[in-house]
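These are the residues of each chain, in order.
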Amino acid sequence: MDEASAWMVQARDGDDEAFDRLMTAFRQPVVGTLYRLVGNAADAEDLAQEVFVKIYRSRQRYKPTARFSTWLFRIVRNTAFNHLRDRKRRPIVAIKDGTEEDNWLADQPDRSASAPDEQLAVDELQAALMQALEALPPNQRTAVVLSRFEEMPYAEIAKVLSTSEAAVKMLMQRARATLAKRLTPFLTEERS
Amino acid sequence: MTDKEKQAWDLLGKSEAPQVDEGFNQAVWEQLKDEATSARTPLRLPFVIGAWVAAAAAVIFCIRIAFWGPRPSDGQETPLSQEDRAIVAHLELLENMDTLEHVSLDGNDEDQQLLLLLADMAGDDR
């Protein structure tokens, strides 16, 4: 049994400190994954909290048959997909008054003072990367995020997506091709 | 993987994500605490309502006892029921007035005198 699964078993048996350790260990990967899946920092943090609340509520049903991270990221994926589906049904009309933006890029420390051109390039790249990810279908996006940022093996991604390893390989191939196409302008710049 | 795909893959690694701190854990615990509180409320509510109803009934009962006294036992008549009975008897008597007018009264006792008086009174009313 991996360490996280052991903590989850302790949490299931009433040890709240073990659950707190789990949150500390996984909050950043969960928020990062959700951010890359839903494309919004505030939503990502809210959804990450929702994920941990769901896990705590269903802790009594936890059985350490698989890695804890597989179970966790399956919940993350379902939460993100539900959110994206709801957002599609009820599109949010952004009210921009020039003082506040629901955009993580806008909340970042102002690095433009030291090197405005460099900062502009970084922001532009960030926006392009997020757009490229958003252009991918949900399952491809999940596979890419888990593989690239969580370094999850294909076999585990397959469990998270409830599919086969061969299907994950196919998803990844398609996703890489789409990303390369979308990011072509930046790849050219990288070379120069 | 083509060269372009490899570059795109490497580039993707530069994607940044928001950072979270200990406040994240606290927010989750607060949510769980709020949920636990709101989940207990519906269970407590019927007991609270029941207690209020019982208290209101007790107050009403006390007021009733204080102002009108204890409830009469079976067969015991209240002053009100005695009055009702007298009114009903009087109405029945008035209904029989017509027949009294045609009754031949040979006697002289007090009952016959009373009946004659009532018959006269009924005649005056009409």
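Our structure's up above, just so we're on the same page.
Everything numeric in this text was worked out from a predicted model, so none of it was measured.

Caption draft 1: Layout of the overall build of chain A. Helix and strand content of chain A: 10 helices and zero strands. The order of α-helices and β-strands along chain A, N terminus first, is α-α-α-α-α-α-α-α-α-α. Looking at chain A residue by residue over its 192 residues, the buried ones come to 44%. If you take every contact in chain A between residues at least 6 apart in sequence, the share linking residues at least 24 apart comes to 62%. As displayed, chain A has an accessible area near 10500 Å², and 48% of this comes from carbon and sulfur atoms.

Caption draft 2: Geometry of the overall build of chain B. Each helix and strand in chain B was counted, giving five helices and zero strands. For chain B, the accessible area works out to roughly 10000 Å², and carbon and sulfur atoms hold 61% of it.

Caption draft 3: The arrangement of the interface of chain A and chain B in detail. Taken residue by residue, the interface counts 42 residues in chain A and 28 residues in chain B. At the boundary of chain A with chain B, total buried surface from both sides reaches about 3500 Å², with 63% on carbon and sulfur atoms. Joining chain A to chain B, the criterion identifies two salt bridges. The residue A:Arg57 makes a salt bridge to B:Glu35 at a minimum N-O spacing of 3.0 Å. Our count for the chain A to chain B interface comes out at 13 residue pairs in polar contact (both at pLDDT 80 or more). Contributions of two or more residues to the side of chain A that touches chain B are made by α2 (16–38), α3 (41–57), α6 (116–134), α7 (138–148), α9 (165–182) and α10 (184–191) of chain A.

Caption draft 4: The arrangement of a nonpolar patch on the surface in detail. A grouping of B:Val59, B:Ile63, B:Phe67 and B:Trp68 is seen on the molecular surface, where their side chains present a nonpolar patch of about 510 Å² in accessible area. Secondary-structure assignment places B:Ile63 in helix α2 (residues 22–68).

Caption draft 5: View of the side chain of A:His83. Checked against the element boundaries, A:His83 lands in helix α4 (residues 68–89). Excluding residues within four positions of it along the chain, A:His83 makes contact with A:Val38, A:Asp43 and A:Leu47.

Caption draft 6: View of the packing of aromatic side chains. Using the criterion set out here, one finds nine aromatic pairs over all chains in the structure. Centre to centre, the rings of A:Tyr56 and B:Trp29 are 5.4 Å apart; their planes meet at 80 degrees, and the pair counts as edge-to-face. Within this pair, whereas A:Tyr56 is found in helix α3, its partner B:Trp29 is found in helix α2, the two belonging to separate chains. Classification of A:Tyr56 as buried rests on a relative accessible area of 13%. Taking relative accessible area as the criterion, B:Trp29 reaches 22% and is therefore assigned partly exposed. When the centroid spacing of 6.1 Å and the interplanar angle of 65 degrees are considered together, the rings of A:Phe68 and A:Trp71 count as edge-to-face. Of this pair, A:Phe68 and A:Trp71 both sit in helix α4, separated by three residues, roughly a single helical turn. Following the ring pairs from residue to residue traces out a cluster consisting of A:Phe19, A:Phe52, A:Tyr56, B:Phe24 and B:Trp29. The ring of A:Phe149 carries A:Arg36 above its face, with NZ or CZ at 3.5 Å from the centroid. In this structure, A:Arg59 packs its charged tip against the face of A:Tyr56, placed 3.9 Å from the ring centre.

Caption draft 7: Summary view of unusual backbone geometry. Residue and element names in this part refer to chain A. In this structure, Glu151 is a non-glycine residue whose phi angle is positive, near 50 degrees. Locating Glu151 in the fold gives a position in the loop between α7 and α8 (154–160). Under the relative-accessibility criterion, Glu151 is labelled exposed at 66%. Unlike most non-glycine residues, Ser162 shows phi in positive territory, near 55 degrees. In this fold, Ser162 is placed in the loop between α8 and α9.

Caption draft 8: Inspection of the environment of A:Val168 at higher detail. Residues and elements named next belong to chain A. Position of Val168 among the secondary structure elements: in helix α9. Overall, the relative accessible area of 0% leaves Val168 in the buried class. When the C-alpha atoms of Val168 and Tyr154 are compared, they prove to be 6.4 Å apart, with 14 residues separating the residues in sequence. Contact partners of Val168, with chain neighbours within four places excluded, come to Tyr154, Ile157, Ala158 and Thr163.

Cut-offs used in this document
- Residues numbered from 1 in each chain as written.
- Chains lettered and ligands numbered in written order.
- Predicted model: local features only at pLDDT ≥ 70, side-chain atom pairs only at ≥ 80, totals over all residues.
- Heavy atoms only, no water.
- Helix = DSSP H or I, 4+ residues; strand = E, 2+ residues; numbered from the N terminus.
- Buried < 20%, exposed > 50% of the residue type's maximum accessible area, 1.4 Å probe, protein only.
- Contact = heavy atoms within 4.5 Å.
- Areas by Shrake-Rupley, 256 points an atom, 1.4 Å probe, with all protein chains shown as cover.
- Buried area = accessible area lost by both parts, 1.4 Å probe.
- Salt bridge = Lys/Arg side-chain N within 4 Å of Asp/Glu carboxyl O.
- Polar contact = N/O pair within 3.5 Å; in protein donor to acceptor, adjacent residues only side chain to side chain.
- Patch = residues over 30% accessible without salt bridge, like charges linked within 9 Å, V, L, I, M, F, W, Y side chains within 5 Å.
- Phe/Tyr/Trp six-rings, centres within 6.5 Å; stacked < 30°, edge-to-face > 60°.
- Lys NZ or Arg CZ within 6 Å of the ring centre and 35° of its normal.

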